[in-house]
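Inside the fold
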Amino acid sequence: MSQEWKLPNTRFHKIMNLFSLLLLLGMFLYTAIKWPSLPQTIATHFNFMGEADGWGGKGNIWLMPVMSLLLYLLLTATTYFPGIWNVPGPVTAYNKNWVYRNVKNLLVFTKFVILLNFSYINYCTIQEKSMGWLSTVCFLGLLFGSMIYFFIRCKRVPPLNEEPEEFDGF
């Protein structure tokens, strides 16, 4: 891949990245604030119905924020290397920007959805509440629905106002 080719952030990318960062910071802050009042045993796993079915020590509450941070960093770093993305369908000089912009949209939206879900799980754990089955359905619907949407969009013909750039074949 040419080092000169970069996929600029759109307004959508900037908004989703900001919301993702706010969720991540909020998760760490909320956990730190609630830490002193947490019981010694907390829920560590929820079933499909959103009910707690696994238990562990108080320190396990930090697993969700730390996993969220790692996923945030991984997905953020991935958006800077479009050459490593496995894109649906062939990439040509004509559709390169269209395809890669849609895949980047998917990555930043997926990051937001995962952080939203992890934040909610963390909140329910701290509040000792059941998540409810609807949260699982909503998470899976948003996650897989967005994948289907952006993959179908990638296969479509880009708008005519898209200027094809020279394609270097990454």
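Preceding this paragraph is the structure being described.
Right, let's walk through the structure included here. (Residues numbered from 1 in each chain as written. Predicted model: local features only at pLDDT ≥ 70, side-chain atom pairs only at ≥ 80, totals over all residues. Heavy atoms only, no water.)

Let us look at the packing of helix H3 (residues 96-127) against helix H4 (residues 133-155). Running from N to C, H3 and H4 point in directions that differ by 175 degrees, and their axes come no closer than 9 Å. On the basis of their axis angle, the class for H3 and H4 is roughly antiparallel. Residues Trp98, Val99, Asn102, Val103, Asn105, Leu106, Phe109, Thr110, Val113, Ile114, Asn117 and Tyr120 of H3 pack against Ser135, Phe139, Leu142, Leu143, Ser146, Met147, Phe150, Phe151, Arg153 and Cys154 of H4. Classifying every residue of the contact of H3 with H4 gives 15 nonpolar, six polar and one charged. (Axes fitted to C-alpha atoms, helices over the stretch in contact; angles between N-to-C directions. Helix = DSSP H or I, 4+ residues; strand = E, 2+ residues; numbered from the N terminus. Parallel < 35°, antiparallel > 145°, perpendicular 65-115°, else oblique. Contact = heavy atoms within 4.5 Å. Nonpolar A, V, L, I, M, F, W, Y, C, P; charged D, E, K, R; others polar.)

Time to look at the side chain of Asn105. Mapped onto the elements of the fold, Asn105 is located in helix H3. Among all residues touching Asn105, those that are not within four sequence positions of it are Thr10, Phe12, His13 and Phe150.

Our focus in this paragraph is the environment of Trp85. Of note, Trp85 is situated in the loop between helix H2 (63-78) and H3. The exposure class of Trp85 is buried, given its relative accessible area of 9%. Once you skip the residues sitting within four places of it in the chain, Trp85 turns out to touch Leu7, Thr78, Thr79, Tyr100, Val103, Lys104 and Leu107. Looking at Trp85, its side chain comes within polar contact range of the main-chain oxygen of Phe81, at 3.3 Å. (Buried < 20%, exposed > 50% of the residue type's maximum accessible area, 1.4 Å probe, protein only. Polar contact = N/O pair within 3.5 Å; in protein donor to acceptor, adjacent residues only side chain to side chain.)

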